[in-house]
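Residue strings, one per chain:
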Amino acid sequence: MYIIVSIAILVTMVLALVRALKGSSVYDRVLAVNVFGTKTVLLLSVIAFLYGRPDFLDLALAYALINMVGILAVLNFFQNRSRRKSDSEAEDD
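Treat the numbers as computed from the prediction; the structure is a model and nothing was measured.

**As for the side chain of N67**
Considering the arrangement of structural elements, one finds N67 in helix α3 (residues 55–92). Exposure remark for N67: the relative accessible area of 13% places this residue in the buried category. Of note is the side chain of N67, whose polar atom sits 3.2 Å from the side chain of N34. Excluding anything up to four places from it in sequence, N67 contacts V33, N34, G37 and T38.

Here it is as structure tokens:
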């Protein structure tokens, strides 16, 4: 049962990677990377349950926090970059 769940998670991770590589906009790509990170946390949790390793749950929690902070930083970067770009275009006029 858990092997099937692990395979399903891996399939969704591959689909998220495809979306990240072929996304139509930056925000689609960032969302796909966020989905990939979330599925990684889920996969680590399933592996922790399968092998009886509760220390993997700590690793999954740490990865979830790093994923959240990283996604917020990337979104903030792109938001500021678009503001700087629009401000420099307004100064040129």
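**What to know about the packing of aromatic side chains**
Summed over the entire model, instances satisfying the criterion amount to two aromatic pairs. Between F77 and F78, the ring centres sit 5.4 Å apart and the planes meet at 65 degrees, which makes this aromatic pair edge-to-face.

**A few points about the environment of Y51**
Mapped onto the secondary structure, Y51 falls in helix α2 (residues 26–51). Between the alpha carbons of Y51 and V5 there is a distance of 14 Å; along the sequence they are 46 residues apart.

**So, the UniProt feature "transmembrane region" (unreviewed entry) in the protein**
If you check UniProt for "transmembrane region" (unreviewed entry), the listed places come out as residues 30–52 and 59–78 in our numbering. Structurally, residues 30–52 is divided into 96% helix and 0% strand, and its ends, taken at the C-alpha atoms, are 33 Å apart. Between the C-alpha atoms that bound residues 59–78 there is a distance of 28 Å. The span itself is 100% helix and 0% strand.

The rules we used
- Residues numbered from 1 in each chain as written.
- Predicted model: local features only at pLDDT ≥ 70, side-chain atom pairs only at ≥ 80, totals over all residues.
- Heavy atoms only, no water.
- Helix = DSSP H or I, 4+ residues; strand = E, 2+ residues; numbered from the N terminus.
- Buried < 20%, exposed > 50% of the residue type's maximum accessible area, 1.4 Å probe, protein only.
- Polar contact = N/O pair within 3.5 Å; in protein donor to acceptor, adjacent residues only side chain to side chain.
- Contact = heavy atoms within 4.5 Å.
- Phe/Tyr/Trp six-rings, centres within 6.5 Å; stacked < 30°, edge-to-face > 60°.
- UniProt positions renumbered as here; feature names shortened; annotations may be inferred.

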